[in-house]
Amino acid sequence: MAEFNQPISGNDLARFSGPSTFMRLPQATSLEGLDVAFLGVPMDIGTSWRSGTRFGPKQIRSESAMLRPYNMATGAAPFDSLNAGDIGDLAINTFSLKESLRIIEESYQAILSGNVIPMAMGGDHSITLPILRAIAAKYGPVALVHVDAHADVNDDMFGERETHGTVFRRAYEEGLIVADKTYQIGIRGTGYGADDFTEAQGWGFQQFPAQELWGRQLHNMGAEIRRDIGTRPVYISYDIDSLDPAFAPGTGTPEIGGLTTPQALELIRSLKGLNIVGCDLVEVSPPYDTTGNTALTAANLLYEMMCVLPGVKSR
């Protein structure tokens, strides 16, 4: 078996020490030899309510020290199959959203120049637009699994067209995603009008409102999405506010009545077999959860997404 990077074991070095990388993986200074690149995008200048997601990547990494390499529930052994490393944070411009989005897109173009699957820790949801621009430049329009309390299809916010609430309208307009292979799961909350969500349905987006998922297991729905997408390249964008704030209070725009953590695990695990070309986990805002539970949940969901990447074997 090839020698792949491994997380530092808690039996070799106490979990409260060691490198501040995702799962205490090696800090990668080059993309060479990597199959998976974890990275942080510490930005919150695209958010419209509570700030703090600039601290998300750091706390997700901190809480990820609790994770172990083998998935006891599914048998997935991602670190036996893929060589992963943490490539650090993108150097965004904390005073300019426009410049930061440019930096993200150009950074992703460099990352995607190799055969690497990027897994980003946000950061507010505006980071996903430049990521999708770079993803589509390489793969063409992709299928999208978007798990979120909000559809993020506003035309503008305070006159700005690139924010965390306009991402998927811009992605649709720019042809970055395949409309009828876009799945928005967990959307809910109050709105400004009856067409807040339904306009995107008219584009072809398939929407699964949270209230229709209460008390339901999600593995069957995930399996249907998997069959619908087939072999098409797919991007997963997971907003932590898709979860009910009882499970994830540390986020910028919480909405009650959301998904549970078991539902999140069921959904992600059901996506195994998809041709996933990238993922992000966004909107973790540590100042609103001093327990660290939101970031711990985010770290686990990122790990679960890694476990369903192409090429991951079970044992």
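Check the entry above for the structure.
Predicted, not measured: the structure shown is a model, and the values here were computed from it.

Caption draft 1: Here's a closer look at the overall build of the chain. The helix and strand tally for the chain stands at nine helices and eight strands. On C-alpha atoms alone, the chain measures out to a radius of gyration of 18 Å, which is about the 20 Å that the 2.2 N^0.38 rule sets for 315 residues. Overall, the C-alpha framework of the chain stretches about 55 × 45 × 40 Å when taken along its three principal axes. With 315 residues in all, the chain has 57% of them scored as buried. Nonlocal contacts in the chain, meaning residues at least 24 apart in sequence, comprise 78% of its contacts between residues at least 6 apart.

Caption draft 2: Expanded view of the side chain of threonine 297. Note that threonine 297 resides in helix H9 (residues 293-307). A relative accessible area of 15% places threonine 297 in the buried class. Non-local contacts of threonine 297, meaning those with residues more than four positions away in its chain, are made with Ile240, Leu243, Phe247 and Thr261.

Caption draft 3: Representation of the packing of aromatic side chains. Scanning the entire structure with this criterion turns up four aromatic pairs. Consider the rings of tyrosine 172 and phenylalanine 205, whose centres lie 6.1 Å apart with planes at 90°: the pair is edge-to-face. A residue pair is termed long-range when its members are at least 10 positions apart, and tyrosine 172 in helix H5 (residues 167-173) and phenylalanine 205 in the loop between helix H6 (195-203) and strand E6 (206-208) qualify at 33 residues. Taking relative accessible area as the criterion, phenylalanine 205 reaches 3% and is therefore assigned buried. Judged by centre distance (5.3 Å) and plane angle (85°), the ring pair of tryptophan 203 and phenylalanine 205 falls under edge-to-face.

Caption draft 4: Focus on the sheet that holds E6. Taken in spatial order, the eight strands of this open sheet run E2-E1-E3-E8-E7-E4-E5-E6, and their pairing is parallel. In this open sheet, the two edge strands, each paired with only one partner strand, are strand E2 (84-89) and E6. Between one strand axis and the next, the sheet turns through 15° on average, direction left out of account. Two strands pair when backbone bridges link them, and strand E1 (residues 36-41) and strand E3 (residues 117-122) are joined in this way by six bridges, in the parallel orientation. In the strand pairing of E3, valine 36 is matched with isoleucine 117. The sheet contacts of H9 involve E1, E2, E3, strand E7 (233-239) and strand E8 (275-282), and relative to E8 the element is tilted by about 175°.

Caption draft 5: Spatial organisation of the pairing of E8. Within E8, seven of the eight residues are buried, which leaves it mostly tucked inside the rest of the structure. Handedness of the crossover joining E7 and E8 through helix H8 (residues 261-269): right-handed.

Caption draft 6: Structural detail: helix H7 (residues 219-229). When we look at burial in H7, the residues that qualify are Met221, Gly222, Ala223, Ile225 and Ile229. The secondary structure elements touched by the buried residues of H7 are strand E4 (142-147), strand E5 (177-185), E6, E7 and H8. Positive backbone phi, approximately 65°, marks glycine 230, located one or two places after H7.

Caption draft 7: Quick look at unusual backbone geometry. The peptide bond linking glycine 122 to glycine 123 adopts the cis configuration, its omega dihedral lying at 10°. Turning to its location among the elements, glycine 123 is positioned in the loop between E3 and helix H4 (128-139). Look at aspartate 152: it is not a glycine, yet its phi comes out positive at around 55°. Looking at the secondary structure, you find aspartate 152 in the loop between E4 and H5. Residue aspartate 152 is classed as buried on the basis of its relative accessible area, which comes to 10%. If you check the backbone angles, glutamate 283 has positive phi at about 75° while not being a glycine. Along the chain, the position of glutamate 283 falls in the loop between E8 and H9. Exposure remark for glutamate 283: the relative accessible area of 1% places this residue in the buried category.

Thresholds applied
- Counting restarts for each chain, with residues numbered from 1 along the sequence as it is written.
- The predicted origin of the model limits local features to residues at a pLDDT of at least 70 and limits the giving and counting of side-chain atom pairs to 80 or more, whereas totals for whole chains, interfaces and linings rest on all residues.
- Heavy atoms throughout the structure, all of them, feed into the side-chain values; hydrogens and water do not.
- Here a strand is any run of E in DSSP of at least two residues, a helix any run of H or I of at least four, and the numbering for each starts at the N terminus.
- Note that the radius of gyration is over C-alpha atoms, with the globule rule given as 2.2 Å times the number of residues to the power 0.38.
- Burial here depends on accessible area, computed with a 1.4 Å probe over protein chains only, as a share of the maximum for the residue type. Under 20% is buried, over 50% is exposed, and the range in between is partly exposed.
- For this analysis, residues touch if any pair of their heavy atoms sits within 4.5 Å.
- Ring pairs shown here join Phe, Tyr and Trp side chains whose ring centres sit within 6.5 Å, with only the six-membered ring taken for Trp; geometry is labelled stacked below 30 degrees between planes, edge-to-face above 60, and tilted in between.
- Paired strands, in this sense, are two strands between which DSSP finds at least two bridges.
- Between N-to-C directions, angles span 0 to 180 degrees; the directions come from axes that are lines fitted to C-alpha atoms, helices contributing only their stretch in contact.
- For a crossover, the right-handed case is the one in which the path from the first strand over the helix to the second runs clockwise, viewed with the strands pointing away from the viewer.

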